[in-house]
Amino acid sequence: KFVINKSILTFVISQWYAADSETIFKGYNHIYKGSNKTKTDRIKENAHNSIHYQYKITLILANMYKDHVFYLPVSADFRGRIYVICTALSYQSGDLARALIQFSNEDHTEKPLTAQGWNKLYHYAANVAGFDKTNITTRVQIGESKIIEIMQLINKDDTKEIVKVLDTYSEPFQFISCVYSVLD
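In this text, all values refer to a predicted model and were calculated from it rather than measured experimentally. (Residues numbered from 1 in each chain as written. Predicted model: local features only at pLDDT ≥ 70, side-chain atom pairs only at ≥ 80, totals over all residues. Heavy atoms only, no water.)

Caption draft 1: Region of interest: unusual backbone geometry. Positive phi is not limited to glycine here, since Lys26 has a value of about 55°. Mapped onto the elements, Lys26 comes out in the loop between helix H1 (6-16) and helix H2 (39-65). Given the relative accessible area of 47%, Lys26 is considered partly exposed. (Helix = DSSP H or I, 4+ residues; strand = E, 2+ residues; numbered from the N terminus. Buried < 20%, exposed > 50% of the residue type's maximum accessible area, 1.4 Å probe, protein only.)

Caption draft 2: Examining a nonpolar patch on the surface more closely. Taken together, the side chains of Ile31, Tyr53 and Ile57 make up a nonpolar region of the molecular surface, amounting to roughly 270 Å² of accessible area. Structurally, Tyr53 can be placed in helix H2. You can call Tyr53 partly exposed: its relative accessible area is 42%. (Patch = residues over 30% accessible without salt bridge, like charges linked within 9 Å, V, L, I, M, F, W, Y side chains within 5 Å. Areas by Shrake-Rupley, 256 points an atom, 1.4 Å probe, with all protein chains shown as cover. Salt bridge = Lys/Arg side-chain N within 4 Å of Asp/Glu carboxyl O.)

Caption draft 3: Geometry of the packing of helix H4 (residues 115-129) against helix H7 (residues 172-183). Between H4 and H7, the shortest axis-to-axis distance is 8 Å and the interhelical angle comes to 155°. Considering the angle they form, H4 stands roughly antiparallel to H7. Two packed elements cross with a definite hand, and for H4 against H7 that hand is left-handed. Every residue of H7 that contacts H4 at Trp118, Leu121, Tyr124, Ala125, Val128 and Ala129 is listed here: Gln174, Phe175, Cys178, Ser181 and Val182. Split by residue class, the contact of H4 with H7 holds nine nonpolar, two polar and no charged. (Axes fitted to C-alpha atoms, helices over the stretch in contact; angles between N-to-C directions. Parallel < 35°, antiparallel > 145°, perpendicular 65-115°, else oblique. Left-handed = near helix turned anticlockwise from the far one by under 90°. Contact = heavy atoms within 4.5 Å. Nonpolar A, V, L, I, M, F, W, Y, C, P; charged D, E, K, R; others polar.)

Caption draft 4: How the structure looks around the side chain of Ser104. Within the secondary structure, Ser104 sits in the loop between strand E4 (101-103) and H4. The exposure class assigned to Ser104 is buried, which follows from its relative accessible area of 19%. What Ser104 contacts, discounting residues up to four positions off in sequence, is Lys1, Phe2, Val3 and Val69.

Following this line, the structure appears as structure tokens:
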């Protein structure tokens, strides 16, 4: 069972509709209208708009499912590998989709994180920030410091600086999801 992470959805939608081109979407929240004069222009326009529509479909689906618990239909191939049938919003999709979905906690058996749990969260945060080539101890320290840095920016309500920092990370949507999981 899965649910949509509403905190992330709210943040992402505010970024999607921001008039400023300096958002976490790196300009993909707007349609690109090239000159169409050359083949290169058309290829560039198609590539940009393809990413735009992928993000848009993901956000539309997430918005539709935000108040529901849902399942992801899967199929197995002849080797026993499991593949999600709906690829727009799944844990096998891109950075945005993976940040938006989370396991449902309908039975409300939420337990506080142990020290090992916090280390795993910091480790994961460092990985999605792009520090996945360092040793584990360093990753945990980096993950913790990066989460604290973004939390301080959130407390200052400095969205532009948050976006500037997230822009340097390899998977910014999943990273901000880690931050919001700490805040929640």
